[in-house]
Amino acid sequence: MREYTGFYIDGNWLDAQGASNIEVINPSTGEVAGIISDGTEEQVNNAVEAAKRAFVSFSQTSVNERLELLKAITNEYKQREAEIAAAISEEMGAPDWLASQYQAAMGLAHLNTTIEALSKFPFEEQKGTTRILREPIGVCGFITPWNWPINQVVVKVLPALATGCTMVLKPAAQTPFSAWLLTEIFDKAGVPAGVFNLVNGHGGKVGSALSRHPDIDMISFTGSTGAGISVAVDAAPTVKRVHQELGGKSANIILDDADIAQAVDNGVKAIMMNTGQTCTAPTRMLIHESKYEAAVEQARKTAENITVGAPSSNSYMGPLSSKKQFDTVQKYIQIGIDEGAEIIAGGLGSPEGLEKGFFAKPTIFANVTNSMRVAREEIFGPVLVMIPYSNEEEAIAIANDSPFGLAGYVQSSSIERARKVASKIRAGQIYLNYAPLDFAAPFGGYKQSGNGREWGEQALYEFVEIKSVVGFG
Ligand code: NAP
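Residues numbered from 1 in each chain as written. Predicted model: local features only at pLDDT ≥ 70, side-chain atom pairs only at ≥ 80, totals over all residues. Heavy atoms only, no water.

1. Examining the overall build of the protein
Looking only at helices and strands, one finds 14 helices and 23 strands in the protein. Dimensions of the protein, computed from the C-alpha atoms along their principal axes, are close to 65 × 60 × 40 Å. In the protein, buried positions account for 59% of the 473 residues. Taking the intrachain contacts of the protein between residues at least 6 apart in sequence as the baseline, contacts between residues at least 24 apart amount to 74%. (Helix = DSSP H or I, 4+ residues; strand = E, 2+ residues; numbered from the N terminus. Buried < 20%, exposed > 50% of the residue type's maximum accessible area, 1.4 Å probe, protein only. Contact = heavy atoms within 4.5 Å.)

Laid out in structure tokens, this is it:
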């Protein structure tokens, strides 16, 4: 039982100050795994004040000083990486292999790319007789979700530290353990008082207070499109910069010249990873009608071999991260059935023997049209829809017929053909032939998947204001 009550403000671990507790549930068991404090507007105000004070000196630090700070954080992170992985398994159910090799490891990967980007970042540039200065934007508010809990936090905090910003973080109340450990790392690594502040609590209260705060210069949000809109509305009267990383319903175009068995096998595994709770997951598989039958057969086979279990069983798939998410997934499976889609694997309910906790079945729908709700709405669970197309133009049209534009996937034996199709998809990242993640590649969405970019060098541009000193000489 973890008791992470209180707040981290101005370099001090403060007690709960009368705040009520929020229970954190282990999704593998459905039991309480710990408690945190539910912050109030007063704690948000104190944290913002501390960040504002700290900005005066931290914004003036040199690139070298900030590089040294990021290296100190890297050293501390390495020592606690296994602990972070265990916390993520406990708070959101990631299988041990996924928690250690991906979830926790992504913290280090982003530290490395941020250090690299900072060492080369053009804070000053001369254009004619004008000097262009890139200055830290100021005090930032961060609101993050539960699906990749450490990744979602570090992709905001690290570029903010790199550019000389100060900040207040509100992580998802569902997954606060890893964020707490990260705060301990920052404290131990010597992040100056007030530069990083943690206020736990619910989004409607703490998140909204951050979004509305007049002394916050930028709010960066990752989560659902609905909550992202609330953040933007709350932020509008104070004209702060708003960065949104929202949902997705990404198409995976398997062209007719691809190795169908391999492409479908990889595609099913890609969506089921992290129990389908990845915003860029390839949730709509588009297959040429001449290969559809073979693709369905392969998808069924792959799904049947996907193991589901508690994190320690090292199964491929863990539970969904909450009862709420389990109920949402069940609701959508029922919607798919009612819409006339055909279940070829999985379906309603939990896998046998896994009725405790929030385990769902890897589920695949065939005979899906892109107008069905299961093809249009983000389910955020282990549910794949398979849609046939008759030619390349139609595949591209289906891929783009979505309110979202976060990611896209193209499989082809011809890289030239894959590149051509990629150029026509309106989304922020396109992965050709299941290319591995590139931590230096800008990450973010078109359309209702958000605005702005995270990861690598591009992330640093998000955290600066531009000042033109005209007549500089
Ligand atoms: P969510 O409500 O968008 O939660 C994300 C973060 O926003 C959490 O920290 C949440 O606080 C906070 N929040 C919620 N309402 C807010 C508001 N009005 N103002 C400020 N902050 C607010 O996501 P969810 O309810 O956990 O999941 C709902 C759906 O969002 C999922 O089914 C999925 O479709 C989508 N989702 C997308 C991503 C992604 O990476 N794109 C990640 C997670 C979820 P609390 O701690 O109180 O929840």
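2. Re empty space enclosed by the protein
One pass over the structure, following the stated rule, counts 3 cavities of 30 Å³ or more. Around the largest cavity, the lining is made up of 16 residues, and of these R284, A399, F404, G405 and A407 lie nearest the centre. Those elements giving two or more residues to the lining of the largest cavity turn out to be α12 (392-400), β18 (404-405) and β19 (407-411). Across the lining of the largest cavity, the residue classes break down as 7 nonpolar, 5 polar and 4 charged. (1 Å grid on protein atoms, 1.4 Å probe; cavity = no way out; pocket = protein on both sides within 12 Å on 5 of 7 lines; lining within 4 Å. Points joined across faces, edges and corners; volume = space filled by probe spheres on them. Nonpolar A, V, L, I, M, F, W, Y, C, P; charged D, E, K, R; others polar.)

3. Looking at the packing of aromatic side chains
By the definition in use, this model includes 14 aromatic pairs. Their ring planes at 90° and their centres at 6.1 Å tell us that W97 and Y102 sit as a pair that is edge-to-face. Residue W97 is classed as buried on the basis of its relative accessible area, which comes to 17%. On the basis of an interplanar angle of 25° and a centroid distance of 5.4 Å, the ring pair of W97 and Y316 is categorised as stacked. Taken together, the positions of W97 in helix α3 (residues 96-120) and Y316 in the loop between α9 (292-304) and α10 (323-339) put the pair 219 residues apart, joining distant regions of the chain. Using a relative accessible area of 22% as the deciding quantity, one classes Y316 as partly exposed. A network of ring pairs unites the aromatic residues Y4, Y8, W13, F177 and W180 as a single cluster. (Phe/Tyr/Trp six-rings, centres within 6.5 Å; stacked < 30°, edge-to-face > 60°.)

4. Notes on the site of the ligand
Taken together, 28 residues are adjacent to the ligand, and W146, A173, G203, S224 and E378 come closest. Here an oxygen atom of the ligand sits 2.5 Å away from a polar atom, N or O, in the side chain of W146. E378 has a polar side-chain atom sitting 2.7 Å from an oxygen atom of the ligand. Within the complex, the protein chains bury 85% of what would otherwise be the 850 Å² of accessible surface of the ligand. (Near = heavy atom within 4 Å. Polar contact = N/O pair within 3.5 Å; in protein donor to acceptor, adjacent residues only side chain to side chain. Areas by Shrake-Rupley, 256 points an atom, 1.4 Å probe, with all protein chains shown as cover.)

5. Notes on the sheet that holds strand β1 (residues 2-4)
Taken in spatial order, the 3 strands line up as β1-β5-β4 in an open sheet, and their pairing is mixed. Each edge of the open sheet carries a strand with a single partner, namely β1 and β4 (21-26). Neighbour to neighbour, the strand axes of the sheet diverge by 25° on average, direction disregarded. Note: β4 against strand β5 (residues 31-37), 6 bridges, orientation antiparallel. Directly across from V24, in β5, lies its bridge partner G34. (Pairing = 2+ DSSP bridges. Axes fitted to C-alpha atoms, helices over the stretch in contact; angles between N-to-C directions.)

6. What about the layout of surface pockets?
Each pocket or cavity is described by its volume, and for the largest pocket that value is around 980 Å³. W146, G223, S224, A227 and K324 are the residues nearest the centre of the largest pocket, which is lined by 41 residues in total. Per-class residue counts for the lining of the largest pocket are 14 nonpolar, 20 polar and 7 charged. For the second largest pocket, the lining is made up of 25 residues, of which Y102, A270, M273, Y409 and L437 are closest to its centre. Those elements giving two or more residues to the lining of the second largest pocket turn out to be α3, α4 (149-163) and α8 (260-272).

7. Regarding the pattern of salt bridges
This model, assessed by the stated rule, comprises 27 salt bridges. For the salt bridge of E76 with K188, the shortest nitrogen-to-oxygen distance reads 4.0 Å. Here the residue E76 occupies a position in helix α2 (residues 63-92), and K188 occupies one in helix α5 (residues 177-189), the gap between them amounting to 112 residues. A relative accessible area of 13% means that E76 is categorised as buried. For E297, the salt bridge is made with R300, and the minimal N-O distance between the two is 3.4 Å. (Salt bridge = Lys/Arg side-chain N within 4 Å of Asp/Glu carboxyl O.)

8. Examining helix α13 (residues 415-422)
Residues of α13 that are buried: A418, V421 and A422. Projected down its long axis, α13 shows its buried positions confined to an angular sector of 100°, all on one face. Exposed side chains of α13 directed beyond 90 degrees from the buried face belong to E416 and R419. (Arc of directions from axis to C-beta.)

9. As for the nonpolar core
Burial of nonpolar side chains together is a common tendency in soluble globular proteins. In terms of nonpolar packing, the biggest core is built from 72 residues, with L70, I73, Y77, L161, M167 and F196 touching the most fellow members. In contact with L161, other than residues within four places in its own chain, are F58, R66, L70, I73, M167, V191 and V195. By size, the runner-up hydrophobic cluster in this structure holds 32 residues, among which are L286, V329, A341 and A375. (Core = buried A, V, L, I, M, F, W, Y, C linked by side-chain atoms within 4.5 Å.)

10. Structural notes on the sheet that holds strand β17 (residues 383-389)
If you walk across this open sheet you meet the 7 strands as β15-β16-β17-β14-β13-β19-β20, and the pairing is mixed. One side of each edge strand has no neighbouring strand; the edge strands of this open sheet are β15 (342-345) and β20 (429-432). Strand-to-strand, the axes of this sheet are offset by a mean angle of 25°, without reference to chain direction. Contacts between α10 and the sheet are confined to β15, β16 (363-366) and β17, with β16 contributing the most and set at about 20° to the helix.

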